[in-house]
Amino acid sequence: MAVPSGVKYAIIGAGIHGLSTAYHLALKLRETGKGSGKDILVIDKTSIAAGASGIACGVVRNNYYQPAMRELMAHSVSVWESDPKAYSYHPVGYMQISPEVMHQQVGTIYEQQKAIGYSSTFIEGEKDSMTYMKGLFDDWQAKGITSVLHEKKGGYANNTASIYGLASKAEAEGVRIMTGVTVNGFEFGSNSQAVTALNTSKGRIACDYVVVGVGPWVNQVWNMLDLPRTVSIKGRDGKMHDGVRMWKYWCLEEGTLGVDPNMHKTNDGKMPPVIHVDTDAPLYSDVDGRLLTDKLWGLYYKPDFNFGGVQGGASPYKVEGEPDNVAIDPYGPDSPDFIVGDEFIETWCSMLAHCQKRFEGKIGIYKKDEKSGGLGCFTPDNFPVFDVFRDNVFIIADSNHGYKMIGVGKLAAQEIVGEKSRLLEPFRFSRYAEGKLHPVSNSPFPWS
């Protein structure tokens, strides 16, 4: 397939956001009589699902302390539920298991989930929490837990399979997907700020509208668009904080314990919900018993036949230094710099053993040969930016909340055809200058 000389809608990135936007935009164009999928071209410098979407753990949840995030995630869950087969979606539910320092905030999440009709159960108190968890897993032994939020919706999806499912849906609507096409720069209108063409490794592509859904590469595209590298943020103290770097990187640490996924079923023989535990109980090594940390820590895990074991991760760490100098490529498991090492393996396996006895002494079967890890590109407040820049460039900057947010593409498509989205309003770039910041939780994870 030859690269076209021009296209109405050019979408950069063949991951969850690019393909979801392409598919839903094709539907909206047909519905409104404004065009069809044939007006849309998706390009990716590597291949479908080659970036963050292709290595994602795949957790789908609503559990957020921020009301705007909860509403947005409830919308995304509904999109996952709309075609679970095509999206390789497993609606097993999700559990947030927390210590006292998070009790009140998790209770707020539960109350607001009730308000938006999102089904969940909330257990309070250390004794009742232990009883509830032992009702699911008779070997449950995590200490210091005083609340359990059990979301009955949500679960997880198989990463690559779901992205190819989206690609198939988009192509069925006439969308063209071209891989091996790198964007090297943009051309701008002589009398406007708008992008008029993409300059790519395969030639110039004129366009009327651009969607950017490139995950951790957003800093690079942002720079090509000559957008501000620093921002001024009105803090909660009412003061302006100038010169804040727009982007930063965190390294994500995940892995797989090579057990039979069936060994992690619940007491009644069913596949369990995704488990997320945060606790301030001391964590001791499952290898030699030494103290690993006495600070707040967290992990998440699930049985996954796609990964061939129990798969999950722990809190990421911030990558220090100038964001423009961070080596994003080669990405993920191919990176020489940002893959998990022995420290993560011991820590995560010890976390598993802290939570359930069945995982004690299992570090020897951790899948060391399967390298894992990846970079996430985060905004100043660690929450997404969904907005239009340069008059005709819709940027989906997910701040590493990405994979679960399949519904953002649907909302972006609605906005592109002229229908403003209430759910996207809290994520505009202007919130920094206006001081409309999202509340911050006590979670050890920067995205909660």
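Provided above is the structure to which this section pertains.
Note that the coordinates shown come from a computational prediction; the quantities given were computed from them, not determined experimentally.

Cut-offs applied
Residues numbered from 1 in each chain as written. Predicted model: local features only at pLDDT ≥ 70, side-chain atom pairs only at ≥ 80, totals over all residues. Heavy atoms only, no water. Helix = DSSP H or I, 4+ residues; strand = E, 2+ residues; numbered from the N terminus. Rg over C-alpha atoms; globule rule 2.2 N^0.38 Å. Buried < 20%, exposed > 50% of the residue type's maximum accessible area, 1.4 Å probe, protein only. Areas by Shrake-Rupley, 256 points an atom, 1.4 Å probe, with all protein chains shown as cover. Lys, Arg positive; Asp, Glu negative; His and termini not counted. Charge placed at Lys NZ, Arg CZ, Asp CG, Glu CD. Pairing = 2+ DSSP bridges. Axes fitted to C-alpha atoms, helices over the stretch in contact; angles between N-to-C directions. Contact = heavy atoms within 4.5 Å. Core = buried A, V, L, I, M, F, W, Y, C linked by side-chain atoms within 4.5 Å. Phe/Tyr/Trp six-rings, centres within 6.5 Å; stacked < 30°, edge-to-face > 60°.

Caption draft 1: Region of the structure containing the overall build of the protein. The helix and strand tally for the protein stands at ten helices and 23 strands. For the protein, the C-alpha radius of gyration of 22 Å lies close to 22 Å, the compact-globule estimate for 448 residues. Residue burial in the protein is summarised as follows: out of 448 residues, 58% are buried. Summed over all atoms, the accessible surface of the protein reaches about 17300 Å², with 49% contributed by carbon and sulfur. Side-chain charges in the protein split into 45 positive and 51 negative, and the spacing between the mean points of these groups amounts to 4 Å.

Caption draft 2: Fine view of the sheet that holds strand β15 (residues 248–257). Strand order in the open sheet formed by eight strands is β6-β7-β5-β16-β19-β20-β15-β21, and the pairing between neighbours is mixed. Looking at the sheet topology across the chains shown, the edges are occupied by β6 (120–124) and β21 (374–378). Strand-to-strand, the axes of this sheet are offset by a mean angle of 20 degrees, without reference to chain direction. When strand β16 (residues 274–279) meets strand β19 (residues 297–304), the two strands line up antiparallel, connected through five bridges. If you follow T279 over to β19, its bridge partner there is W297. Helix-sheet contacts for helix α4 (residues 100–115) involve β5 (94–98), β6, β7 (147–151) and β16, and the interaxial angle to β6 is about 150 degrees. Docked against the sheet, helix α8 (residues 342–355) engages β15, β16, β19 and β20 (309–319), running at close to 80 degrees with respect to β19.

Caption draft 3: Fine view of the nonpolar core. Counting residues in hydrophobic clusters, the biggest one holds 52 residues, and the most contacted among them are L19, I40, L72, W80, F386 and F394. Those elements that place two or more of their residues in this core are β1 (6–12), α1 (16–32), β2 (40–44), α3 (67–82), α6 (159–172), β12 (203–212), β23 (393–397) and α9 (408–416).

Caption draft 4: A look at the packing of aromatic side chains. Counted under the stated rule, the structure contains 17 aromatic pairs. Relative to F359, the ring of Y301 has its centre 5.8 Å away and its plane inclined at 85 degrees; by these criteria the two rings are edge-to-face. Here F359 lies in the loop between α8 and β21 and Y301 lies in strand β19, a separation of 58 residues in the sequence. Both residues of the pair, Y301 and F359, belong to the buried class. Counting every residue linked through ring pairs, the aromatic cluster contains W222, W247, F389, F429 and Y432.

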